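Coordinate analysis (summary)
Spelled out, the chains give:
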Amino acid sequence: MSSIHLEPQDLPDVAPHNHGRTQAAWVTNGSIAFGALLMCIGFAISNAPLLWIGGAIAVIGSIAGGVLRALGHGQSLG
């Protein structure tokens, strides 16, 4: 049994219930998954340009997701 007792006012606010179903999340996850797929294929067939293109897609998609979140298309942090 724990000796720590938290009062209701000490607990954090409840998080929104969108579970990451935002435009920013879809763009970020989709582009990273597609980029990783291209990188895997490029690695398997020893195709360096395909490997680099997949990496670039993943990085650009991550940046695009951050921009979309900053523009209000994602879940707020606070």
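How each quantity is defined
Residues numbered from 1 in each chain as written. Predicted model: local features only at pLDDT ≥ 70, side-chain atom pairs only at ≥ 80, totals over all residues. Heavy atoms only, no water. Helix = DSSP H or I, 4+ residues; strand = E, 2+ residues; numbered from the N terminus. Buried < 20%, exposed > 50% of the residue type's maximum accessible area, 1.4 Å probe, protein only. Polar contact = N/O pair within 3.5 Å; in protein donor to acceptor, adjacent residues only side chain to side chain. Patch = residues over 30% accessible without salt bridge, like charges linked within 9 Å, V, L, I, M, F, W, Y side chains within 5 Å. Areas by Shrake-Rupley, 256 points an atom, 1.4 Å probe, with all protein chains shown as cover. Salt bridge = Lys/Arg side-chain N within 4 Å of Asp/Glu carboxyl O. Axes fitted to C-alpha atoms, helices over the stretch in contact; angles between N-to-C directions. Parallel < 35°, antiparallel > 145°, perpendicular 65-115°, else oblique. Nonpolar A, V, L, I, M, F, W, Y, C, P; charged D, E, K, R; others polar. Expected span 1.5 Å × (residues − 1). Contact = heavy atoms within 4.5 Å.

1. A look at the side chain of Ser31
Inspection of the secondary structure puts Ser31 in helix H1 (residues 23-44). Owing to a relative accessible area of 13%, Ser31 belongs among the buried residues under this scheme. Here Val27 takes part through its backbone oxygen, which lies 2.8 Å from a polar atom of the side chain of Ser31.

2. Points about a nonpolar patch on the surface
On the surface, a cluster of nonpolar side chains totalling about 380 Å² of accessible area is made up of Phe34, Leu37, Ile41 and Ile45. One can find Ile45 in the loop between H1 and helix H2 (48-70). Given a relative accessible area of 53%, Ile45 falls into the exposed group.

3. Details of the packing of H1 against H2
When two helices pack together, their arrangement is given by the angle between the helix axes and the distance between those axes. Between H1 and H2, the least distance of the axes is 7 Å, while the angle of their chain directions is 170°. Between H1 and H2, the angle is such that the two are roughly antiparallel. Of the residues assigned to the contact of H1 with H2, the class counts are 15 nonpolar, 10 polar and one charged.

4. Digging into H1
Over its 22 residues, H1 extends 31 Å from the first C-alpha to the last, a length consistent with the 32 Å expected when each residue adds 1.5 Å. Residues of H1 that are buried: Ala24, Ala25, Ser31, Gly35, Leu38 and Gly42. Of the surrounding elements, those touching the buried residues of H1 are H2. Ser46 sits one or two residues past H1 and shows a positive phi near 55°.

5. Description of H2
Relative to the 33 Å expected for 23 residues at 1.5 Å per residue, H2 spans 33 Å between its end C-alpha atoms, a close match to the ideal helical length. For H2, the full list of buried residues reads Gly54, Gly55, Ala58, Gly61, Gly65 and Leu68. Buried residues along H2 sit in contact with H1. A positive phi of about 100° marks Gly72, the residue just after H2.

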